Amino acid sequence: MVFHYVNIKNADDLYFRSSVRNIYFYILLTYMLKAFHHIGKYFLLLARVFKKPDNYKLYGRQTINEMVSLGLGSLGLISIISLFMGAVVTLQTVAAIDSPLIPLYTVGYATRQSFILELAPTIMCLILAGKIGSNISSEIGTMRITEQIDALEIMGVNSASYLIFPKIVAALFTIPMIVVYSMFLGLVGGWVVGLYSGMLTVEDYLYGIRWDFKTFDVIYALIKTLFFAFIITSIPSYHGYYTRGGALEIGKSSTKSVVYSSISILVINYILTQLLLI
Amino acid sequence: MIEVKNINKSFGKKQILHDVSISFLRGKINLIIGASGSGKSVLTKCIVGLHEIDSGSVEYDGRNFSIMNFKQRKAVRKEIGMLFQGSALFDSLTVEENVKFPMEMYTKQSEEEILERVNFCLKRVQLENANHLYPAELSGGMQKRAALARAIALNPKYLFCDEPNSGLDPQTGIVIDNLIQEITHEYDMTTIVITHDMNSVMETGENISFIHQGNIWWTGNKEDILKTDNKELNEFVYSSKIMQKFKGL
Ligand SMILES: Nc1ncnc2c1ncn2[C@@H]1O[C@H](COP(=O)(O)OP(=O)(O)OP(=O)(O)O)[C@@H](O)[C@H]1O
Ligand SMILES: [Mg+2]
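The rules behind each value
Residues numbered from 1 in each chain as written. Chains lettered and ligands numbered in written order. Predicted model: local features only at pLDDT ≥ 70, side-chain atom pairs only at ≥ 80, totals over all residues. Heavy atoms only, no water. Donors = N, O, S within 2.8 Å, 3.2 Å for Na, K, Ca; no water. Helix = DSSP H or I, 4+ residues; strand = E, 2+ residues; numbered from the N terminus. Buried < 20%, exposed > 50% of the residue type's maximum accessible area, 1.4 Å probe, protein only. Contact = heavy atoms within 4.5 Å. Buried area = accessible area lost by both parts, 1.4 Å probe. Salt bridge = Lys/Arg side-chain N within 4 Å of Asp/Glu carboxyl O. Polar contact = N/O pair within 3.5 Å; in protein donor to acceptor, adjacent residues only side chain to side chain. Nonpolar A, V, L, I, M, F, W, Y, C, P; charged D, E, K, R; others polar. Axes fitted to C-alpha atoms, helices over the stretch in contact; angles between N-to-C directions. Left-handed = near helix turned anticlockwise from the far one by under 90°. Domains from an automatic or database assignment. 1 Å grid on protein atoms, 1.4 Å probe; cavity = no way out; pocket = protein on both sides within 12 Å on 5 of 7 lines; lining within 4 Å. Points joined across faces, edges and corners; volume = space filled by probe spheres on them.

**Student:** Just give me the short version of the coordination of the magnesium ion (ligand 2), but keep the residues and values in it.
**Tutor:** All names here are of chain B. The coordination sphere of the magnesium ion (ligand 2) contains the protein donors S41 (OG) and Q85 (OE1), at a distance range of 1.9 to 2.2 Å. Of this pair, S41 sits in helix α1 (residues 40-48) while Q85 is found in the loop between β6 (80-83) and α3 (95-106), placing the two residues 44 residues apart along the sequence. Under the relative-accessibility criterion, S41 is labelled partly exposed at 22%.

This is the structure in structure tokens:
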């Protein structure tokens with residue numbers, strides 16, 4: 001079963017395959033071939049998504065709707081998470097500093113750097129991948145199995161483009177804003193710790209979050225966010241668009257889309273960090 | 001006129017359609033009848049290109065649809081209206097927005113003209129007060145009617161209806177049948193209706209094809225259907241015991 005993709009050619013080949021050690025190789029090969037199949041199909045779908053729109057007015061309206069649902073719909077969750085994470089990061093940094101030689105303003109600095117560089121862009125996008133991703137994939141998946149996508153196609157509409165393009169554009173606009181908002185709230189969370197914990201002063205904290213500030217850090221974070229925003233919308237759209245079967249498969253594709261977009265975010269994050277910061 | 005020539009269609013190893021050839025006539029209601037699972041929906045989806053056919057060809061008034069590219073197909077599709085078996089209304093839009101959708105996509109009409117046309121279509125399917133309801137708030141039969149209104153919004157040249165009156169009471173069913181008949185004759189459309197319902201077969205059938213296990217088993221009109229000695233067709237038409245006794249099967 002595992003050997004599905006490989007044809008038997010000769011006795012040597014058979015011997016080679018029968019050795020237990022090589023089974024892992026074949027398993028890996030099967031997975032790789034599957035992965036290439038999906039990656040190819042994903043890019044073919046994207047090629048259809050970026051065709052010229054049929055009707056700019058309808059696309060525009062759809063994009064605004066998506067911005068509202070992607071952006072406003074996520075603000076509550078992101079606010080709570082950012083405030084608490086900002087507070088916890090600050091508390092932990094304070095607690096970790098026990099040498100009097102290290103000035104307390106480094107706490108503010110550490111909170112700021114971790115929020116701007118990683119927590120706001122990467123972690124918030126991972127959370128959004130869960131929230132927005134499962135949403136998009138089940139929405140498009142439902143449209144697929146209830147024949148709504150067929151109905152669009154019959155009208156001559158490029159369904160891939162009409163359904164997916166506005167989501168991608170909306171995400172490219174709103175998610176960076178959400179990330180900036182999350183950076184701000186994270187710092188507010190730290191400030192609250194300064195106010196109420198008694199472990200550091202607000203002055204130290206405020207000095208710390210402005211100390212040695214580099215604009216490029218924010219730009220770097222926003223560049224990453226743009227990539228993540230694309231991933232968060234396009235991968236779940238892909239899984240939703242190719243859903244087959246019934247309600248059960250909708251659930252499956254939404255799970256898959258969250259898993260694959262999270263993994264892609266982490267991998268791309270590593271690559272971009274290597275490229276941009278080093 | 002739509003001409004289907006020798007099409008075959010399989011899903012994986014399972015062949016659904018076997019060498020199907022039919023002509024659908026212009027200005028007539030062309031019925032496709034057949035048992036559940038015989039391949040009626042698959043056949044229509046092959047004709048409109050939602051499923052790619054394995055072999056054969058489909059011609060819309062002499063234009064060979066099977067060999068067209070995406071852009072050429074799009075031009076033909078703008079002339080097609082289709083009512084799906086499961087309605088396929090867009091859940092996120094109200095009934096009014098659903099019917100508006102094809103018009104907004106392709107016409108340059110003003111808002112008022114579009115709205116007028118929407119109300120006209122909704123009135124013809126007897127859904128006057130449902131403009132602002134969402135599909136989830138409609139009954140199954142109302143969804144069917146809303147979907148029919150959407151299918152006829154752009155005055156299509158070719159109209160496909162997959163079981164337009166299933167889920168409707170007999171009276172509303174006849175209203176819908178009559179509507180389909182009227183617009184077909186009024187606008188000289190090529191209309192294809194899939195149905196199980198013998199009432200509507202006898203009411204509207206002008207060119208009837210009986211499909212059995214993916215084969216075209218019988219074609220004719222509604223007078224022929226009463227006289228035929230085709231075994232499978234008789235079993236389909238006279239499905240109840242009492243009718244079979246009546247017919248002497
Ligand atoms: N996408 C698909 N993949 C695989 N098999 C399919 C697919 N669509 C339909 N089939 C199979 O094709 C056969 C015919 O299905 P079809 O939907 O055309 O039936 P039908 O004649 O429309 O029946 P009904 O009157 O119940 O709607 C069925 O056996 C079904 O299992
Ligand atoms: Mg069917």
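**Student:** Summarise the interface of chain B and chain A; cite the residues concerned and give the values.
**Tutor:** If you look at the interface, chain B gives 22 residues, while chain A gives 19 residues. In total, chain B and chain A occlude about 1,900 Å² of area from one another, counting both sides; carbon and sulfur atoms represent 60% of this. Of all residues in chain B, F101, E104 and M105 of chain B bury the most surface against chain A, accounting for 28% of the area lost on that side. Connecting chain B to chain A are 5 salt bridges. Close ionic contact of R77 of chain B with E153 of chain A constitutes a salt bridge, the shortest N to O distance being 3.6 Å. At the boundary of chain B and chain A, one finds 10 residue pairs in polar contact (both at pLDDT 80 or more). At the level of elements, α1, α2 (70-77), β6 and α3 of chain B are the ones that each hand at least two residues to the side of chain B that touches chain A. Top contributing element to the side of chain B that touches chain A by residue count: α3 of chain B, with 5 residues. Split by residue class, the side of chain B that touches chain A holds 13 nonpolar, 2 polar and 7 charged.

**Student:** Describe the packing of helix α3 (residues 56-96) of chain A against helix α4 (residues 105-145) of chain A, naming the residues involved and giving the relevant values.
**Tutor:** Residues and elements named next belong to chain A. The contact between α3 and α4 brings their axes to 9 Å, and the two run at 145°. You can see that α3 and α4 cross each other, and the crossing is right-handed. A class-by-class count of the residues in the contact of α3 with α4 yields 16 nonpolar, 8 polar and 1 charged.

**Student:** Would you mind going over the domain arrangement of chain A in detail, with residue names and values included?
**Tutor:** Residues and elements named next belong to chain A. By domain assignment, chain A separates into domain 1 (1-49) and domain 2 (55-276). Each of domain 1 and domain 2 has a C-alpha centre, and the two are 34 Å apart. Listed per partner, the contact involves 7 residues of domain 1 and 14 residues of domain 2. In total, domain 1 and domain 2 occlude about 970 Å² of area from one another, counting both sides; carbon and sulfur atoms represent 64% of this. At the junction of domain 1 and domain 2, the tally comes to 1 salt bridge. Taken together, the residues of the side of domain 1 that touches domain 2 sort by class into 4 nonpolar, 1 polar and 2 charged.

**Student:** Please provide a residue-by-residue account of empty space enclosed by the protein, values included.
**Tutor:** In this structure the tally under the stated criterion is 4 cavities of 30 Å³ or more. By volume, the largest cavity amounts to about 140 Å³. Around the largest cavity, the lining comprises 15 residues; the ones closest to its centre are M155 of chain A together with I80, G81, R150 and A151 of chain B. The set of elements that each furnish at least two residues to the lining of the largest cavity consists of α5 (148-154) of chain A together with β6 and α5 (140-152) of chain B. The leading source of residues in the lining of the largest cavity is β6 of chain B, at 3 residues. Residue classes in the lining of the largest cavity are distributed as 10 nonpolar, 1 polar and 4 charged. The space that makes up the second largest cavity amounts to roughly 50 Å³. Around the second largest cavity, the lining residues are R117, F120, C121, R124, I152, N155, I183, Y187 and M189 of chain B. When residues of the lining of the second largest cavity are traced back to their parent elements, those giving at least two are α4 (111-124) and α6 (170-187) of chain B.

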